[in-house]
Amino acid sequence: MTFPSMILEARGITKTFPGVVALRNVSFAVAAGEVHAVIGENGAGKSTLMKVLSGVHPDYEGELLLDGKTVRFDGPREAQRAGIGIVHQELNLVRDLTAAENVFLGREPTTRWGLIDRRRMNREAAELFARLDIDVAPDQRIGHLPVGQQQMVEIAKALSLNARVLILDEPTSALSDRETATLFSLIHRLREQGVGIVYISHRMEEVFQVSDRITVLRDGEWVGTVPTAQAARDELIRMMVGRPLTSFFAEDERTTPDERVILSVENLSLAAGVEGRRTRMQNVSFEVRAGEILGLAGLLGSGRTEVLEALFGAYGDRTQGCIQIEGRPVVIRSPLDAIRHGMALVTEDRKASGLVLQLSLRENMSLPSLRRLTRWGMVDGARERRLVDEFIERLSIRTPSREQRVANLSGGTQQKVILGKWLAMTPRILLLDEPTRGIDVGAKAEIYHLLRELSLRRVAVVMASSELPELLELCHRILVMREGRAAALFARENATQEKILHAAAPGG
Amino acid sequence: MPRILRESLLYISVIVVFAAGCLAAPDFLKPDNQSAVLRQVSQNGILAVGMTLVIITAGIDLSVGRMLGLASTLAAMLLVEKRWTAATYFTVPAAAVSAGILAALVAGTVGGSRSGRRTLAVQCLAFAAAAAAVALWAVPQSRTGFSILSVLVLVPLAGFLLGGVSGVLISKCRLQPFIVTLAMMTSAYGAARLIAASSGSGYIHSLYDSQGNVPTGVDSLRVIDAAQLAACLPSWTPHFLSRSLAEGALRRLLENLPVPGLFFLLCLGAGMFILNRLRFGRHLYAIGGNEETARLSGINVDGVKIAVYAISGMLSFLAGVLACAQYRQGKPDMGAMAELDAIAAVVIGGTSLMGGRGRMMGTLVGVLIFGYLTNILSLRGVSTDVQLFITGIIIVAAVLLQEGYIQRLASRLRFRRRDKESFSRPI
């Protein structure tokens, strides 16, 4: 069915990677003035489909139609020229260039002499920003902007080529609620201008809020496309996972922590300007008991990440404060010290600090445990394989083999590999920074169950998250951070989203 | 292109070069020629082994060529001069400190206890003992001229320290490896010239005396340069060993093995052992792949980096001693630009300059392709100028093949054709 209004249509797309079929005979179309959401679990093929649409993967089987005519883009530039703009999940901006320079990267307006016409560039960028109602100065350095505004610049960049189709891949994963609202109003305006928008997200509420139609993918296959008005949440989830998913909020397997304090932190502080971070951290104190899950809430940049990284020794001796583990004061000046004391840190950014993408699953997972697997400096290969296999099984990690390169695994699987990597060293204290960021419902549920299990095993867990429902569900107590300080501490029984948000708001 | 084919591409390319050699030059396959090739590539090979380790950590070591020259100067002076010279003043303390550091490291891993203070005490003791032992062993030799064995030990130890200095600057001061080793390259050359000129007889230190003979003490040097292992076996090994190996291929191979080649193969074996079996090797890959992840996984990133440059320094000094033996002289200019050959061999072998990926076997292949090509072209009487030109082309071609560029080009062409077919077909 090809309506004349369909701008971009994909027919029977099949895309294989070595050893994996990422997309199998998927068809998809987006009309002018439509917001078409694409949802599915991790590894369902959403991002791959978008990369086919935007010319990143030129070698696929099937057909792409632009305005009803067959096209094959040889690269992202050709797709751009044809009017298809994409904003990838990870921001692709040059931090040291200005907003205008980023928007016009690779096609800077030039003067007669072939030099960059900076004035014209800034003027055009300003016009573009004004048209999209984006509040960014064109000569502002990108690295100095908050993530939300960086995202806006990225969208402006994608639209600056008169894009008729705009693909947004998980655009809100790093945004605050207010920034998300700004983004949505921008999306509405673009829709009115007749731009076709493809919107990928894991967040159901957003999909319902913003989209006109919803397409569900599962395991690389098309499951169905429904108008949002007629879609029911449970039905969509069932389509995504292929089975009805019992809400993880329903079952009551609450754990109770011991009285025994495992980790006690007093006046943890970090001077301003360390590692280019503008957030300071001042006099943060808390205790975590055995089997307790302590939540760290707070807005982006409130110092949640800094608390975890400082505890883990990532800032060396620039961190001040007193840390006690099981009642004994310890000195932690490096991650190695922290690991020796039985701490583990699952960082926020899988690719930048969680994994070594070139290496195999096995090599990644055994990395912090190698010391234990070594005799006379030599790695005991058999023991290593046994350990890795054990955790592949325990975390039910879906992978062709333990020798698979982690770069080829999906986001949720990568996150499980990181968890496995740290659980393999049997930590007493587990620090988690946004452990469910950008992963699908199924994988989330598995991680929640895992955390419960760890709580039963009397591991002390500190978990930072920007998803409040998650914190309220899992944590025994929630520490709210605001501008580098501990603003409030709630026990779960009397914590609500409103109270936490109120405590987290700056100046509140 | 199937994965298995891509991975064996390396070996296929050696076979191709080898086959080309057999066809192009009748003398190519002769044992003498093969032995000569192995001997010729051994210096570059030893440098390339160290370079592979460095490049896997996403670093680079530009100093190895000049370090080789410095080492050859030191070795020649230590062997010939029968008094304290600048070479002695440089080598003996540096070697003593290196030995001390190595001993302290070993003591730290083996004798380390839970108490940090006690470990430190053990380490200090080990350092002092090892340093003193080296000093006591080396100092008396300065009057009689150093034995070849002590040169083989002391000079690489000194190189270990020098490489370690680069490593400290790179890891602790957060400087770029390119800049630091560039500086080390210049300074090593300067030091070599200073040391060489200090004895007042010019920059070149020949092992020959005024009558054109190699003095008897120094003569044992030929052992480490022998074209055939057999030539130096009897004096080293008990008689039964040479008899127990029956007359056969293995024995012929062993007897024809050039001693520098043996050194190269030993270094290569050690490199493979490091990369495939040791925790240290795994840490090299992790650091090269993602330094931040490595650090947060509890790897002592600074220590590993220092060690890897120290090893590279040690290997380049070993290559320097071998070069001194081969040319019967030591001079600062020896090994100029050798670092580039080593880097080229490593890259041809598929090790990524971005770090995190690479294999010793690939480096062996890279070194061999280099050696065989030069050899074949020489046998065919092609001039050195043309050889250099062709070598450049080979490097680019090899890397293009490695990066899968040619495969991508092929697959793209295939798609183009399919598209055209689908257009021409009536629908």
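Residues numbered from 1 in each chain as written. Chains lettered and ligands numbered in written order. Predicted model: local features only at pLDDT ≥ 70, side-chain atom pairs only at ≥ 80, totals over all residues. Heavy atoms only, no water.

Novice: Please explain the overall build of chain A as it appears in this structure.
Specialist: Each helix and strand in chain A was counted, giving 17 helices and 22 strands. Here chain A holds 508 residues, and the buried ones make up 55% of them. In chain A, 66% of the contacts between residues at least 6 apart in sequence involve partners at least 24 apart. Here chain A displays about 22200 Å² of accessible surface, and carbon together with sulfur accounts for 48% of that area. (Helix = DSSP H or I, 4+ residues; strand = E, 2+ residues; numbered from the N terminus. Buried < 20%, exposed > 50% of the residue type's maximum accessible area, 1.4 Å probe, protein only. Contact = heavy atoms within 4.5 Å. Areas by Shrake-Rupley, 256 points an atom, 1.4 Å probe, with all protein chains shown as cover.)

Novice: Whenever I open this one, the overall build of chain B confuses me. Can you help?
Specialist: Tallying secondary structure elements over chain B gives 20 helices and two strands in all. With 427 residues in all, chain B has 48% of them scored as buried. Sequence separation of 24 or more characterises 78% of the internal contacts of chain B that already satisfy a separation of 6 or more. Roughly 20600 Å² of accessible area belongs to chain B as shown, and the carbon and sulfur atoms make up 65% of that amount.

Novice: Looking at this structure, I do not really get the packing of aromatic side chains. What am I missing?
Specialist: Any aromatic ring pair is given by two values, namely how distant the centres are and how the planes are angled relative to each other. Under the criterion given, the structure shown has six aromatic pairs over all chains. Both rings, one in F18 of chain B and one in Y372 of chain B, keep their centres 5.4 Å apart while their planes meet at 80°; by these two values the pair is edge-to-face. Taken together, the residues span a long stretch of sequence, with F18 of chain B in helix α1 (residues 3–24) and Y372 of chain B in helix α18 (residues 360–379) at a distance of 354 residues. Their ring planes at 45° and their centres at 5.0 Å tell us that W84 of chain B and Y89 of chain B sit as a pair that is tilted. Taking the relative accessible area as the measure of exposure, Y89 of chain B reaches 55% and is therefore exposed. Three or more aromatic residues joined by ring pairs make a cluster, and in this case those are F18, F28 and Y372 of chain B. One cation-aromatic arrangement involves R72 of chain A over Y60 of chain A; the distance from NZ or CZ to the ring centre is 4.3 Å. If you follow R193 of chain B out to its NZ or CZ, it ends over the ring of Y203 of chain B, 4.1 Å from the centre. (Phe/Tyr/Trp six-rings, centres within 6.5 Å; stacked < 30°, edge-to-face > 60°. Lys NZ or Arg CZ within 6 Å of the ring centre and 35° of its normal.)

Novice: I'm lost on the nonpolar core in this one. Help?
Specialist: What tends to happen in soluble globular proteins is that the nonpolar side chains get buried as a cluster. Residue and element names in this part refer to chain B. I46, I224, F264, L284 and F317 are the most contacted members of the largest nonpolar core, which totals 114 residues. Residue contributions to this core peak at 14 residues, all from helix α16 (residues 301–327). Aside from chain neighbours lying at most four places away, what touches L284 is L53, I56, T57, I274, L275, V304 and V308. (Core = buried A, V, L, I, M, F, W, Y, C linked by side-chain atoms within 4.5 Å.)

Novice: I would appreciate a short explanation of the interface of chain A and chain B in the present structure.
Specialist: Accessible area lost upon the coming together of the parts serves often as the stated size of an interface. Residue-level contacts link 35 residues of chain A with 26 residues of chain B. Buried surface at the junction of chain A and chain B, both sides included, amounts to about 2600 Å², of which 55% is carbon and sulfur. Ranking the residues of chain A by area buried against chain B places D74, Q358 and L367 of chain A at the top, with a combined share of 18%. Connecting chain A to chain B are one salt bridge. Residues E384 of chain A and R282 of chain B are paired through a salt bridge, measuring 2.7 Å at the closest nitrogen-oxygen approach. The tally of links from chain A across to chain B stands at eleven residue pairs in polar contact (both at pLDDT 80 or more). Contributing elements (two or more residues each) for the side of chain A that touches chain B: α10 (335–340), α11 (350–354), α12 (361–366), β18 (378–379) and α14 (411–423) of chain A. Among the elements that take part in the side of chain A that touches chain B, α11 of chain A stands out by supplying four residues, more than any other. For the side of chain A that touches chain B, the class distribution of residues is 17 nonpolar, seven polar and eleven charged. (Buried area = accessible area lost by both parts, 1.4 Å probe. Salt bridge = Lys/Arg side-chain N within 4 Å of Asp/Glu carboxyl O. Polar contact = N/O pair within 3.5 Å; in protein donor to acceptor, adjacent residues only side chain to side chain. Nonpolar A, V, L, I, M, F, W, Y, C, P; charged D, E, K, R; others polar.)

Novice: Please clarify how helix α3 (residues 64–80) of chain B should be interpreted in this entry.
Specialist: One full turn of an α-helix is made of 3.6 residues, so residues set three or four places apart face in the same direction. Taking 1.5 Å of rise per residue, the 17 residues of α3 of chain B would be expected to cover 24 Å, and the 24 Å separating its terminal C-alpha atoms lies within 8% of that figure. Most of α3 of chain B is tucked away: 16 of the 17 residues are buried. (Expected span 1.5 Å × (residues − 1).)

Novice: I would appreciate a short explanation of the confidence of the model for chain B in the present structure.
Specialist: Detailed reading of the predicted model is not advised wherever pLDDT is low. For chain B, per-residue confidence averages 85 on the pLDDT scale, and 85% of positions sit at 70 or higher. Taken as a whole, residues 420–427 of chain B scores under 50 in pLDDT and shows zero contacts with residues more than four places along the chain or in a different chain. (pLDDT = per-residue confidence, 0-100.)

Novice: Please explain helix α14 (residues 279–289) of chain B as it appears in this structure.
Specialist: Of all eleven residues that make up α14 of chain B, eleven are buried, and the element is covered over most of its length. Turning to α14 of chain B, its buried residues are R279, F280, G281, R282, H283, L284, Y285, A286, I287, G288 and G289 of chain B.

Novice: What exactly am I supposed to notice about the pattern of salt bridges here?
Specialist: Within this structure, the stated rule accounts for 31 salt bridges over all chains. For the salt bridge of E205 of chain A with R233 of chain A, the shortest nitrogen-to-oxygen distance reads 3.8 Å. In this pair, E205 of chain A is assigned in helix α7 (residues 204–210) and R233 of chain A in helix α8 (residues 233–241), connecting sequence segments 28 residues apart. By relative accessible area, which is 39% here, R233 of chain A ends up partly exposed. Note that R394 of chain A and E453 of chain A form a salt bridge whose closest N and O atoms lie 3.6 Å from each other. A residue pair is termed long-range when its members are at least 10 positions apart, and R394 of chain A in helix α13 (residues 381–394) and E453 of chain A in helix α15 (residues 441–456) qualify at 59 residues. By relative accessible area, R394 of chain A is classed as partly exposed at 31%. One network of salt bridges, with partners in common, ties together R362, E384, D389, R402 and E403 of chain A together with R282 of chain B.

Novice: When you look at the packing of helix α13 (residues 259–277) of chain B against α16 of chain B in this model, what are you seeing that I'm missing?
Specialist: Two quantities define a packed helix pair, namely the angle between the axes and the distance from one axis to the other. Residue and element names in this part refer to chain B. Put simply, α13 and α16 touch, their axes get as near as 11 Å, and they point 170° apart. Regarding the angle of α13 to α16, the classification is roughly antiparallel. Contacts between α13 and α16 involve P260, F263, C267 and I274 on the former and, on the latter, I311, L315, L318 and L322. Tallied by class, the residues present in the contact of α13 with α16 amount to eight nonpolar, no polar and no charged. (Axes fitted to C-alpha atoms, helices over the stretch in contact; angles between N-to-C directions. Parallel < 35°, antiparallel > 145°, perpendicular 65-115°, else oblique.)

Novice: Sorry if this is basic, but what is going on with the sheet that holds strand β16 (residues 343–346) of chain A here?
Specialist: Sheet strands associate in pairs through backbone hydrogen bonding, adopting either a parallel or an antiparallel arrangement. Residue and element names in this part refer to chain A. Spatially, six strands are ordered β16-β19-β20-β13-β21-β22 in an open sheet, and the strand pairing comes out mixed. Strands at the two margins of the open sheet, each flanked by one partner only, are β16 and β22 (485–491). With direction set aside, neighbouring strand axes in the sheet form an average angle of 20°. As paired elements, strand β19 (residues 429–433) and strand β20 (residues 460–464) share five bridges and run parallel to each other. Residue pairing in the sheet places I429 in a bridge with A460 of β20. On top of the sheet, α14 reaches β16 and β19; it is set at about 170° to β16, its chief contact. (Pairing = 2+ DSSP bridges.)

Novice: Would you mind going over the packing of α13 of chain B against α18 of chain B with me for this structure?
Specialist: Residue and element names in this part refer to chain B. Where α13 contacts α18, the axes come no closer than 9 Å and their chain directions differ by 150°. Classified by the interaxial angle, the pair formed by α13 and α18 is roughly antiparallel. Side by side, α13 and α18 meet where F264, L268, G271, M272 and L275 of the first sit next to M360, M361, L364 and V367 of the second.

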